[in-house]
Amino acid sequence: MRAGAAGPAARRPQRPPTRPQARSIKLADPRRRLRLVSVSLAAVFAVFAGRLVQLQLLDSDALAAAAGANKYVRATLPAERGSITAANGTVLATSVDAYDITADPTMLTPEAMHLADAPEQAAALLAPILGQPKEKLAAALHPNPKNPKSQYALLSPRQSPETKGRIADLKASLAKQTDTAACRAQRVQLGVAADKGGRQFLDVSCTNPLAGVFWDESTRRSYPAGGLAANLVGFVNADGVGTGGLELQYQKELAGVAGRSTYASAGGRRVPTAGGSRQDPVPGSDVRLTIDPDIQWAAQRAITDQVANAGAEKGYVIVQDVKTGQVLAMATSPGFDPNDLSSAKPEQLGNAALQDAYEPGSTAKLMTMAAVLDTGSATWDTHVTVPNTLQRSDRVFHDDVDHETWYLTLAGVLAKSSNIGTIEAAEHLGATQADANKVLGGYLQKFGIGQPTGLGFPGETRGILAKPEDWKGSQQYTIPFGQGLSVNALQATSVFSTIANGGVRVAPALVAGTTGPDGKYTPAPAGAQTRVVTEQTAKTLTEMLESVVTDEQGTGNKAQIPGYRVAGKTGTANRVDPKTGKYSGYTASFIGFAPADQPRVTVSCVIQDPVNGHFGGQLCGPVFKQVMEFALKTLQVPPSGSEAPNLPVDWKP
């Protein structure tokens, strides 16, 4: 290489380094982005639309079934029934906790349960617990053909907490057995099949047929005193509604007002956060009776024993306060236990003391004597000649025993209970027999015969008393001695209480008062008072009644009570058989009050169709004595402070 070619002069000058140029950013096409967003939204909406189509069209039946298990339920809240108590607060009838066993038939259908015979399986499980035929339960568990959408069926009302507990334990046990992984998987498979329109059923081991069975809080009636005063208290039916006695008479007051509740339910269980409404029930009022439970017990024991001893059809005892008219006891035999109505005969469920109409016999002679004395037709010592027989109208009358001619005072006629002497005394009430009938009929009405007692007790009879102008033939002569008219036992008792109260009749009372839901006690109004005879007449009649008990010729000697003056009257009447309407057997009775000098209590005893004896003094005298002695001691009535007057019963011609 040449020197000239290789020198510095021959080199090319170098270019200065170039500066890097800045890169420009190109924006994306906005239309393309909008298209992408639109497509994405369209896809989302398509998914929603498809789901809506599925829900509204394809899955509508399945969703409706699911909604059926998640719904609002309307329930009735029963009011607590008021109690019935005796005068001292002893509970005779009350309500205790119970449960209504119910079901939702819509939850037991094949579609809801995936089980063909869920109602039958549930019925088979419940029948031995509820004590009902499984066929009856199965019918209730099936949807009602008239209302297939009904979600409520009452299977058995007012069951005990023990019964409810057995059902709850069984339901929980079945739920645990069916909540397994295999059963859950089978349910999922069946759900998919149902979505496709197929119908399949679960294996029995994977079902709980009691899933649609529930219980609502309720109450049931209980009678803690058993048969004590059951003839008065009465009873309720299977629905808890008063059906007899005071339970029926005071049904509205005792029942209260039911409440209402609405709540959300899911799968048969309440959803507490889903809201709802509630209207609380109003409890019923408590009813307090005038009955003294101790005296009631004594009366029931005495009449039950004597009915059995006499082989009688039935009997009843009433104890009444002569001043207030309040009934302290009203006992009937045979009685019944309202806790076990299945063991009682239909005729035992009533209250014969108020519902029986019977001819009173000689106890009614007191009213005839009251009319005779009060009108001044005679006095207690008027001489009455009593032959052995007496012809009147188309009949020959006799006394209970054959006798020679008796020479009796009017007091003696009552003491010896002479039918003939009573007829003769009644004939002096008017110038003619028709006039005498009218006067006597007026007094009978004032005593309350043929009229309601005012108690309003269900089935109470007012008795039978024809108008005086209709007394024809021998009836106008039998009525004065207590045949040809009929009374109930309380009417007859009230007659004697009227005399004991100085001639003033006080309307009988069984209810002392009520206590409302607010806890306020309201006493019952005092019984209406009506003067029937003068005070002097009542005093004279009381002394005449004492002769019945104290005189050796009197018919009521068995009613004597040591330390107390007793005024009373026996009764022995031919009995009208209610089945045939003809006379058959007897009605034996005794009614009296004590102490005769300061009357406090009237006791009546009536025994129907006795076999072992039939005289009132013989059968009812001892019952009167037993009950009256107990009542006087219970009420702490002091003994008499004077001796009986012992009015003469006869005279010598």
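Per-chain numbering applies: the sequence of each chain, read as written, is numbered from 1 onward. Only residues with pLDDT of 70 or above have their local features reported here, since the model is predicted, and side-chain atom pairs are shown and tallied only from 80 upward, although totals for entire chains, interfaces and linings are computed over all residues. Calculation of side-chain values draws on the structure's entire complement of heavy atoms; hydrogens and water are dropped beforehand.

Q: Explain the overall build of the protein to me, and be specific about the residues and the numbers.
A: Only DSSP runs of H or I reaching four residues or more are called helices, and only runs of E reaching two or more are called strands; each is numbered from the N terminus. If you tally the helices and strands in the protein, you get 20 helices and 24 strands. Going through the 653 residues of the protein one by one, you find that 47% of them count as buried. The criterion used for residue contact is that any of the two residues' heavy atoms lie within 4.5 Å. Counting only contacts in the protein whose residues sit at least 6 apart along the sequence, the fraction spanning at least 24 positions is 73%. Remark: exposure states derive from per-residue accessible area (1.4 Å probe, protein chains only) relative to the maximum for the residue type, with buried under 20%, exposed over 50%, and partly exposed in between.

Q: Explain the packing of helix α4 (residues 118-130) against helix α5 (residues 134-141) residue by residue, including any values.
A: Direction vectors running N to C along α4 and α5 enclose 130°, while the axes themselves pass 8 Å from each other. In terms of orientation, α4 and α5 fall into the oblique class. For the element pair α4 and α5, the recorded crossing hand is right-handed. Along the contact surface, α4 presents Pro119, Glu120, Ala122, Ala123, Ala124, Leu126, Ala127 and Leu130, while α5 presents Lys134, Leu137, Ala138 and Leu141. Gly counts as polar in this scheme, as do all residues outside two lists: the nonpolar Ala, Val, Leu, Ile, Met, Phe, Trp, Tyr, Cys and Pro, and the charged Asp, Glu, Lys and Arg. Of the residues belonging to the contact of α4 with α5, the class tally is ten nonpolar, no polar and two charged. Only C-alpha atoms enter the line fits that serve as axes; for helices the fit covers just the stretch in contact. Angles between N-to-C directions range over 0 to 180 degrees. Between 65 and 115 degrees an angle is taken as roughly perpendicular, under 35 as roughly parallel, over 145 as roughly antiparallel, and anywhere else as oblique. Each crossing gets its hand from how the near helix is turned against the far one by less than a right angle, where anticlockwise is left-handed and clockwise is right-handed.

Q: Describe the state of the cysteines, and please don't skip the residues or the numbers.
A: A pair of cysteine sulfur atoms is labelled a disulfide when the two atoms are within 2.5 Å. On inspection of all chains with the given rule, the structure shows one disulfide. Between the sulfur atoms of Cys605 and its disulfide partner Cys620 the distance amounts to 2.3 Å. Because the sign of the S-S torsion sets the handedness, a value of about -60° for the bond joining Cys605 and Cys620 places this disulfide among the left-handed ones. Taken together, the residues Cys605 in strand β24 (residues 601-608) and Cys620 in helix α20 (residues 616-634) connect sequence positions 15 residues apart.

Q: If you had to explain the sheet that holds strand β12 (residues 314-321) to someone new, which residues and values would you point to?
A: A strand pair is defined by DSSP finding two or more bridges across the two strands. A sheet is described by the order of its strands in space; here five strands give the open sequence β13-β12-β24-β23-β22, paired in antiparallel fashion. Edge strands, defined here as strands with exactly one partner in the open sheet, are β13 (327-333) and β22 (567-576). Sheet twist, expressed as the mean angle between neighbouring strand axes with direction ignored, is 10°. Bridge analysis of strand β23 (residues 583-594) against β24 gives eight bridges, and the strand direction is antiparallel. Paired with Phe590 across the strands is Cys605, a residue of β24.

Q: Help me get a handle on the pairing of β13, residues and values and all.
A: Regular strands have side chains that alternate between both faces of the sheet. Counting buried residues along β13, seven of its seven residues qualify, which places the element largely inside the surrounding structure. Where β12 and β13 come together, six bridges link them in antiparallel fashion. Looking across to β13, one finds that Ile318 is bridged to Met330. Hairpin remark: β12 followed by β13, antiparallel, with five residues in the connecting loop; positive phi at Gly325, about 80°.

Q: Hey, could you go over the side chain of Thr493 for me, with residue numbers and the actual values?
A: For Thr493, the location among the structural elements is in helix α18 (residues 489-500). Contact partners of Thr493, with chain neighbours within four places excluded, come to Ile318, Gln320, Ile591, Thr602 and Ser604.

Q: Could you give an account of the nonpolar core, naming the residues involved and the relevant values?
A: As used here, the term nonpolar core means buried Ala, Val, Leu, Ile, Met, Phe, Trp, Tyr and Cys residues forming a set that is joined through side-chain atoms within 4.5 Å. Judged by nonpolar contacts, the single largest core of 91 residues is most densely connected at Leu289, Leu410, Leu444, Phe447, Ile449 and Met544. Not counting the four nearest positions on each side in its chain, Met544 is found in contact with Met369, Leu373, Trp380, Leu410, Ala411, Leu414 and Leu647. Listed in part, the 33 residues of the second largest apolar core include Val307, Ala310, Val623 and Phe624.

Q: Lay out helix α13 (residues 365-374) with the relevant residues and their values.
A: When you tally the buried positions in α13, you get nine out of ten residues, the bulk of the element. Within α13 the residues assigned to the buried category are Lys365, Leu366, Met367, Thr368, Met369, Ala370, Ala371, Val372 and Leu373. Against α14 (410-415), α15 (419-426), α16 (433-446), α18, α19 (535-550) and β22 lie the buried residues of α13. In the segment just after α13, Gly376 is the residue with positive phi, at about 75°.

Q: Account for unusual backbone geometry, with residues named and values stated.
A: A cis amide bond links Ser333 to the next residue, Pro334, at an omega of 0°. Note that Pro334 resides in the loop between β13 and α12 (352-355). Look at Arg158: it is not a glycine, yet its phi comes out positive at around 50°. Mapping Arg158 onto the fold places it in strand β4 (residues 153-159). Here Arg158 falls in the buried class, since its relative accessible area comes to 17%. With phi around 50°, Asn646 is a residue other than glycine that occupies positive phi space. Note that Asn646 resides in the segment after α20.

Q: Hey, could you go over the pattern of salt bridges for me, with residue numbers and the actual values?
A: Note on definitions: salt bridges are taken to be side-chain nitrogens of Lys or Arg within 4 Å of carboxyl oxygens of Asp or Glu. Applying the stated criterion across every chain, the model contains nine salt bridges. Residues joined by salt bridges that share partners form a network here, namely Glu313, Lys314, Asp356 and Arg575.

Q: An account of α5 is needed here, citing residue identities and associated values.
A: Think of an α-helix as 3.6 residues a turn; residues three or four steps apart then line up on the same face. Here α5 has its buried residues at Leu137, Ala138 and Leu141. Burial along α5 is one-sided: seen end-on, the buried residues are contained in an arc of 100°. Among the exposed residues of α5, those oriented more than 90 degrees off its buried face are Glu135, Lys136 and Ala139. Those residues of α5 that are buried lie in contact with β3 (91-103), α4 and β4. Taking the helix axis as origin, the arc is that swept by the directions to the C-beta atoms.

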